[in-house]
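Fold and contact review
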Amino acid sequence: MTVTHSSVDSSTKWSPIGVARSFDRRLTAPGSARTLVQMRTAFVLIIGMRLLLRDWWLESTTPKALFEPVMAVRWLSGPPSSTLVTVLWVVGLVAVVATVAGRWAHFTFVVAWAALLVLCAVWSSSGKVMHNDILLLWGSAPFLFAQAPSRAELDAVDERWGWPPRAALIVVATIYFVAGAQKIRHSGLRWVFSDNLSWVLRQGTSPLPFQIGHTLAPLVWLTAVVSGITLVMELGAPILLGVRKFRLGFLLLAITLHGSIWLTMGLDYYGWILTVAAVTIPMSPLGDWWRQRRFPPRGVDASESPDLGHG
Amino acid sequence: MASGGADRDGGDKRLTANSRTSARWRARLVTVGLLAVIVFAVAGTVEAWPVTSFRLFSQVRTANSSSYRLIAVDEQGRERPVVINDAHAFARRTSSQLGKLPTLSVQRRRDKVLAILDASDLANAHIREVILRRRSFVGDLESSRLRQVSTKDVLRVEVNR
């Protein structure tokens, strides 16, 4: 992230206005068009994966009396017909392909996002709030408002391309933070210093033949440690994602957290892992290195180029 | 990671000062706008999907738990649990609505109960009424067993079919 220096002295640097100015400078600084395209492509591919890997037509089998439409689909008087589900699914997938191919990329990204939103909203209209795709939808939302660089602008670095990837990172960090804050708000430190996670594990069902969650549940000291690490990860997300060199570390934590939730409780949160990957990899030293190797500045040997660090 | 994906309309777009300012303001409005919605939902515990307060596992769980179950009573007074069959497995996701039945109007309650009956193996049975029963349990971490400690009939819905 490029930072421009100003003449703010140390006494105002950490004041609320100083912090806000620093945040604004970092958010609106010029950025690489390639980073934007990479992150947008990653998001739309995840959208495509979610569209492909779920049997959305099951939604049509919900009895009308049990269909409780969430806000996003309040306009539906009953569960969608299988025809409507098919139309949304096909339109969404075509839009995914078009976005990846660069055809009217901004418009097609919006279409793909909207198709997934509607299908997920119906899936969530069973009376229980579903969070499986919420990080993906919110994390990719900044790209709904972002301009799309043309092919001629791919090597450009300016203010139009810098903010969407940063905004996505900020949204993802905020969501993890508030998830942790809500635990403190509603349960206090009892969320960590109790047998809370033991009971969460006990009440879950692993997709594997061996119920590893039930085996670990009696180890209250272990579950308390894991609870503490989880809370630190969530509350620390703004820092872990805000500092470039920690981003891949956060991705590893996310893989561990959501992977273990699936292993012990059978809950599908791989969309969260992929979303974290989409916002961290392009905005990490690994992303910089890859862009440097793959797209060296014209007339420069890739092996000798300095780390541009854009994005 | 895919590297292409830019629009193919070409053109050399030089960025003017106005364009830079416009881009900065767009960044601020979008970012602050999205954060404001999230913070509003969290502060107000709003659940209006996709706007949500992100309460993921936020409530402490203990050895005590409870669940709701529908019990069908036939004309002879025999009780049978209402279990959604495999043909309607997707409808099992609606079990979270059972606890809210008492808050609904009589007609809506009846509609939901009938819908659940139709999705169960009791679809063609002669049922006089359906009871919403709340069961309380105490768990044991070592044995992984749940022991039912009490039941309470919360609601009765006349079906008469």
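What comes next is a walk through the structure. Computed from a prediction, not measured in an experiment: that's the story for all the values here. (Residues numbered from 1 in each chain as written. Chains lettered and ligands numbered in written order. Predicted model: local features only at pLDDT ≥ 70, side-chain atom pairs only at ≥ 80, totals over all residues. Heavy atoms only, no water.)

**Topic: the overall build of chain A**
Secondary structure assignment for chain A yields 14 helices and two strands. Taken over the C-alpha trace, chain A has a radius of gyration of 22 Å; the compact-globule value for 311 residues is 19 Å, and the two agree within 12%. By its C-alpha atoms, chain A is 60 × 50 × 40 Å across when sized along the principal axes. Relative to its 311 residues, chain A shows a buried fraction of 54%. Here the analysis covers contacts within chain A between residues at least 6 apart in sequence; of these, 74% occur between residues at least 24 apart. (Helix = DSSP H or I, 4+ residues; strand = E, 2+ residues; numbered from the N terminus. Rg over C-alpha atoms; globule rule 2.2 N^0.38 Å. Buried < 20%, exposed > 50% of the residue type's maximum accessible area, 1.4 Å probe, protein only. Contact = heavy atoms within 4.5 Å.)

**Side note on the sheet that holds strand β1 (residues 64-74) of chain B**
Residues and elements named next belong to chain B. Reading across from one edge, β2-β1-β3-β4 is the order of the four strands in this open sheet, with antiparallel pairing throughout. Two strands lie at the open edges of the sheet, namely β2 (79-81) and β4 (145-158), each paired on one side alone. On average, each strand axis in the sheet is tilted by 35 degrees relative to the strand beside it, whichever way the strands run. Here twelve bridges tie strand β3 (residues 127-140) to β4, and the two strands are oriented antiparallel to one another. Opposite Gly 139, over in β4, you have Leu 146 as the bridge partner. (Pairing = 2+ DSSP bridges. Axes fitted to C-alpha atoms, helices over the stretch in contact; angles between N-to-C directions.)

**Digging into the pairing of β1 of chain B**
Residue and element names in this part refer to chain B. One ladder, built from eleven bridges, connects β1 with β3; its direction is antiparallel. Paired with Ile 71 across the strands is Ile 131, a residue of β3. Counting the residues in the hairpin turn of β1 and β2 gives four residues, including Gly 77, whose phi is positive at 85 degrees.

**Describing the interface of chain A and chain B**
Buried accessible area, meaning the area lost when the parts come together, often serves as the stated size of an interface. Listed by partner, the interface residues are 92 residues for chain A and 65 residues for chain B. Buried surface at the junction of chain A and chain B, both sides included, amounts to about 7,200 Å², of which 64% is carbon and sulfur. Interface area lost by chain A to chain B is led by Leu 66, Trp 138 and Trp 199 of chain A, which between them contribute 10%. Seen at the junction of chain A and chain B, the total is five salt bridges. Across the chain A-chain B interface, the total number found is 25 residue pairs in polar contact (both at pLDDT 80 or more). With 15 residues, helix α7 (residues 159-187) of chain A is the largest single contributor of residues to the side of chain A that touches chain B. For the side of chain A that touches chain B, the per-class residue count stands at 52 nonpolar, 22 polar and 18 charged. (Buried area = accessible area lost by both parts, 1.4 Å probe. Salt bridge = Lys/Arg side-chain N within 4 Å of Asp/Glu carboxyl O. Polar contact = N/O pair within 3.5 Å; in protein donor to acceptor, adjacent residues only side chain to side chain. Nonpolar A, V, L, I, M, F, W, Y, C, P; charged D, E, K, R; others polar.)

**Digging into the packing of aromatic side chains**
Residues and elements named next belong to chain A. Going through the model one piece at a time under the given rule, you end up with nine aromatic pairs over all chains. Here Trp 57 and Trp 89 contribute two aromatic rings whose centre-to-centre distance is 5.1 Å and whose plane-to-plane angle is 70 degrees, an arrangement assigned as edge-to-face. Separated by 32 residues along the polypeptide, Trp 57 in the loop between α3 (33-52) and α4 (82-101) and Trp 89 in helix α4 bring together distant segments of the chain. Judged by relative accessible area, which is 27%, Trp 57 ranks as partly exposed. By relative accessible area, which is 22% here, Trp 89 ends up partly exposed. (Phe/Tyr/Trp six-rings, centres within 6.5 Å; stacked < 30°, edge-to-face > 60°.)

**Overview of empty space enclosed by the protein**
Applying the stated criterion across every chain, the model contains two cavities of 30 Å³ or more. Roughly 50 Å³ of volume is contained in the largest cavity. In terms of lining, the largest cavity is formed by Glu 59, Thr 62, Phe 67, Pro 79, Val 122, Trp 123, Ser 125 and Ser 126 of chain A together with Phe 90 and Arg 93 of chain B. Residues belonging to the lining of the largest cavity are distributed by class as follows: five nonpolar, three polar and two charged. Estimates place the volume of the second largest cavity at around 40 Å³. Lining the second largest cavity are Arg 54, Cys 120, Trp 123, Ser 124, Met 130, Asn 132 and Asp 133 of chain A together with Trp 49 of chain B. In the lining of the second largest cavity, the residues fall into four nonpolar, two polar and two charged. (1 Å grid on protein atoms, 1.4 Å probe; cavity = no way out; pocket = protein on both sides within 12 Å on 5 of 7 lines; lining within 4 Å. Points joined across faces, edges and corners; volume = space filled by probe spheres on them.)

**A short note on helix α10 (residues 220-235) of chain A**
Residue and element names in this part refer to chain A. Over its 16 residues, α10 runs 22 Å from end to end, which matches the ideal 22 Å to within 8%, given 1.5 Å per residue. Buried residues of α10: Thr 223, Ala 224, Ser 227, Gly 228, Thr 230, Leu 231, Met 233 and Glu 234, and no others. Check the buried side of α10 and you find it contacts α7, α8 (196-202), α9 (212-216), α11 (237-242) and α12 (247-265). (Expected span 1.5 Å × (residues − 1).)

**Some words on the side chain of Asp 158 of chain A**
Mapped onto the elements, Asp 158 of chain A comes out in strand β2 (residues 157-158). Judged by its relative accessible area of 8%, Asp 158 of chain A is buried. The contact partners of Asp 158 of chain A, leaving out residues within four places of it in the chain, are Pro 30 and Gly 31 of chain A together with Leu 15 of chain B.

**Brief notes about the pattern of salt bridges**
Scanning the model with the defined rule gives 23 salt bridges over all chains in all. Between Arg 34 of chain A and Asp 155 of chain A there is a salt bridge, with the nearest N and O atoms lying 3.0 Å from each other. Residue Arg 34 of chain A is located in helix α3, and its partner Asp 155 of chain A is located in the loop between α6 (134-140) and β2; the two are separated by 121 residues in the primary sequence. The partner of Glu 129 of chain B in a salt bridge is Arg 128 of chain B, with the nearest N and O atoms 3.8 Å apart.

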